[in-house]
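Working through the structure, step by step
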Amino acid sequence: MTNRPLIFDSWRDLPLEEVLRICRDTIEEGDFSPVLKWRETGGKVLGHFQVYFPQELAHAAGMLPVMVRGAPVDLLHADSRFGSYLCSILKSSLDLALSGKIELDMFVSHPICDAARNLAAVWSRNFDYPCQILYLPQNANSQGTIPYLRDEYDRLLRKLEEISGKKVTEEDLRNSIALYNRSRALVRELYDLKRSEPWKVAAEDAYSLVAIGGLIPVEEHIALMEWVVPEIHKIERNKEDRIRVVFEGAFCEQPPLDMIRTIGRSCYVVDDDFLIGLRWLTGDVATEDDPLYALAEAYIERSSYSPVQHDNRKTKEAMLLKRAEAAEAEAVVLASAKMCEPGLEEQVAYVLALDENRIPYFLSEFEENMSSFGGLELQVETFAENILFA
Amino acid sequence: MTVQETSIVGRGNKEGGALFRRWFKSLDDAAQRGEKAAYVFVMGSMNEVLKAFDMNITFPEITSLQLAVRHIAHEYLEEAEDYGYSPDICGYVKADVALQLRKGEHPMGRIPKPNMTVFTNACNTYIKWGEIWERLHKIPIFTFDVPGHRQLGVHTQPGDKQFEVDRRYVEIQIKELIAKLEEVNGTKFDIDKLRETMEFTNQMSRSWARLLELNRNSPSVYNALTDGTVFLGVANGFRGTKEGADYFANLVEEMEYKVANGIGTTTDESHRLAFVGVPCYPIFRRFSEIFAEWGGTFVQSTYLWFASGGTNRGYQYDLDNPISSLAEGILLSVRDAMDSMFDQTTMLRNAIDEYDLDGVVYHPIKSCRTVSTGLADSRRQLMKDTGIPSLLIESDMMDRRVVSEAQLKNRIDAFFEGLISRKQQAAASRRI
């Protein structure tokens, strides 16, 4: 992968504000030109649906792993493939592929929810390339879980070798893991910064920097982050009168950037679950011994949480309270994508836990293609003022 | 009607109803005694193992749908919505939340509180539902993970490397479940008792597969949607029991008798249909009547496949290797159930000839995204492959607020008009 031409380099030699604007525009406009560029130069692309995917496997096989996470687009084709009562991300993801905005050599989904588990079949009926399910374990607490997942990764890797035509060695995998460890460490550093000095980086900028990682080769993401994060550290800006909030509810469908921007005008978003799949592993993955086992072990033992994974050791409300406490948040923005069953169900547990712990929260729903935020801005402002001036 | 006909025809529905009432009575009695029950689901209930521990068992999907059939679901749904649950989530879950808040109050008797819940991943909402009980009742919950097929149309089989990886994982979980049940019940596991329950399931599975096969005959001997739902209730509630095995042996006898004597479920079987999805319980009888008024009857239903947990495969456990065979049987059956929801096109393609189908009715519902998400696309594929007429109508399994009988009837009437016209044209072209 190292000898390939760069596919996202327009940011180089530009000032920080410009670099951040380029990242924002790429994400906000649903611009998949880096992926198209990759394919034009003969590269193969693996599209993986939300939430988590071990990108190391695709990288080791010489493919570009791209997170398929919908986009705020007008639906041209997908509506006729689905029923009425569905979240938007499912439809817009398929639409991106049907309209040719994104071209793949393989699509992988996961049985994360009742709707998404239909995706592999729908996708298979509409495209000739392989569409598979990566069966991430739903029982996180069995003795058999990690060995099973290790073998499931192995199965998928064999398929990736077939598509890419590249035999993957253990050394290849270790190299890929090391690169992703570095990328994740940089993202963690960005999040540390969000928690410690949130006035230095706007929520939508931090979001875009992470989101870009789901579109471009990890090597390029590392280069971007290694330049941007120190630059953000250098910023000298005064803290403003805003409340510190955790945003919860964006584990799958993503809120529009404008919604994040709107919340950011009266709140510092000091932690969140935006694109949590790209930040699922919370520590480095071991690079010794069996790399597949190490990836499987990290998925179960050193990982975040979301409404679509059950783990007896991690009730979601307890994890949210921990997230809020660690970020010294004064309040929580509890949002759910419209028609998202796991998100909507989890909201009830979150509300009960926040009530019990007397943590203020702002309850909301969103859709990736919503475009009017006037009402939301007023409500969030009022919510923030109530806390600031209580 | 002969004496034999009087005694045998209709027996299945009568006995099914009686068994069903007895089951709910036993649950009510258990609740009155302060006993608890295992809460399980229709796809991968693990009844064989739970019955080996003599546990009371309740199926919340069934208790919920009973509320819709009795036209009181809205009271429960609204109560759960007042508690905080969204109108856009599964109606079964919401009805059950209200049932729990009402301490098990149900028109068929009091439902005991849970002491344990076991659920597979065949439906992701099972997992979210289990989490709700975990919070409400502070009980142990067991997620029984059954990896499904990885690619449309690619089915691994016993002996394949991938299948054996999956079987090993399932087998470990069975052993862990048994250990958890020993802890919850305070009794030792008896493998011979497990063999006994598995043998009853073997008998039931053979009968279930035969029952489905018998409706290939014309006239069809039962309505797969209405009668089929009665059969499903017994198949789930009495899986792994002697009563269940005997019931289905008798039912097969009844249906074979009807086949032998040309006794159909309707006097006017003009259009043989397959139903895809979950029934419209708020207007359960009326829904079928609208079809029957045009001479349409449901001879097959994907509901009989997935809501029986894949019992349609007729899988037979090897009682000499109970645990390993249970793992294999669960994998094969639950996967079959999942395919009936996500990839029913392949199965329907075969059913068109086997059941001499005239049309397919797709019924996506608001409440269940598992079953409904892919139906429009699946329908496109089936029509492209076979040209069979089909109808897609949306409503719900629980929530009468999204069921419009008039709109449904309009669509159904138009479907039959098209179907009749198509048949007339085909007949005319044959004459030419």
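So, a few notes on the structure that sits alongside this text.

Scoring rules and cut-offs
Residues numbered from 1 in each chain as written. Chains lettered and ligands numbered in written order. Predicted model: local features only at pLDDT ≥ 70, side-chain atom pairs only at ≥ 80, totals over all residues. Heavy atoms only, no water. Helix = DSSP H or I, 4+ residues; strand = E, 2+ residues; numbered from the N terminus. Buried < 20%, exposed > 50% of the residue type's maximum accessible area, 1.4 Å probe, protein only. Contact = heavy atoms within 4.5 Å. Areas by Shrake-Rupley, 256 points an atom, 1.4 Å probe, with all protein chains shown as cover. Lys, Arg positive; Asp, Glu negative; His and termini not counted. Charge placed at Lys NZ, Arg CZ, Asp CG, Glu CD. Phe/Tyr/Trp six-rings, centres within 6.5 Å; stacked < 30°, edge-to-face > 60°. Salt bridge = Lys/Arg side-chain N within 4 Å of Asp/Glu carboxyl O.

This paragraph deals with the overall build of chain A. Within chain A, the regular secondary structure consists of 14 helices and eight strands. Seen through its C-alpha atoms, chain A measures out along the principal axes to roughly 60 × 45 × 45 Å. A total of 390 residues make up chain A; the buried ones form 65% of that total. Contacts spanning at least 24 positions in sequence make up 72% of the contacts within chain A whose residues lie at least 6 apart. Entry remark: accessible area of chain A is about 13,800 Å², with carbon and sulfur atoms responsible for 47%. For chain A, the separation between the mean place of its 42 positive charges and that of its 65 negative charges on side chains is 3 Å.

A few words now on helix 6 (residues 91-101) of chain B. Owing to its 3.6 residues per turn, the α-helix brings residues three or four apart onto one side. Residues and elements named next belong to chain B. Within helix 6, ten of the eleven residues are buried, which leaves it mostly tucked inside the rest of the structure. Along helix 6, the residues classified as buried are G91, Y92, V93, K94, A95, D96, V97, A98, L99 and Q100. K103 sits one or two residues past helix 6 and shows a positive phi near 55°.

In total, this model carries 38 aromatic pairs over all chains according to the counting rule given. On the basis of an interplanar angle of 35° and a centroid distance of 5.2 Å, the ring pair of Y52(A) and Y299(A) is categorised as tilted. Placement of Y52(A) in the loop between strand 1 (45-49) and helix 3 (55-60) and of Y299(A) in helix 11 (residues 291-301) is noted, with a sequence separation of 247 residues between them. The exposure class assigned to Y52(A) is buried, which follows from its relative accessible area of 5%. Ring centres of Y303(B) and F306(B) lie 5.6 Å apart, and the angle between their planes is 70°; on these two criteria the pair is classed as edge-to-face. Of this pair, Y303(B) and F306(B) are both found in helix 13 (residues 303-306), three residues apart, which corresponds to roughly one turn of the helix. For Y303(B), a relative accessible area of 7% puts it in the buried group. Among the residues examined, F306(B) registers a relative accessible area of 4% and is labelled buried. Following the ring pairs from residue to residue traces out a cluster consisting of F275(B), F287(B), F291(B), W294(B), F298(B), F415(B) and F416(B).

According to the stated counting rule, one finds 77 salt bridges over all chains in the structure shown. Here R155(A) ties to E152(A) by a salt bridge, and the two come within 2.9 Å at their closest N and O atoms. Of this pair, R155(A) and E152(A) both sit in helix 6 (residues 145-164), three residues apart, which is roughly one turn of that helix. The closest approach of N and O atoms between K366(B) and D88(B), which form a salt bridge, is 3.1 Å. With K366(B) in the loop between strand 7 (359-363) and helix 16 (369-372) and D88(B) in the loop between helix 5 (73-83) and helix 6, this residue pair connects regions lying 278 residues apart in the sequence. D88(B) matches K366(B) in its accessibility class, with the two residues each being buried. One network of salt bridges, with partners in common, ties together K316(A), E317(A), E346(A), K128(B), E131(B) and R135(B).

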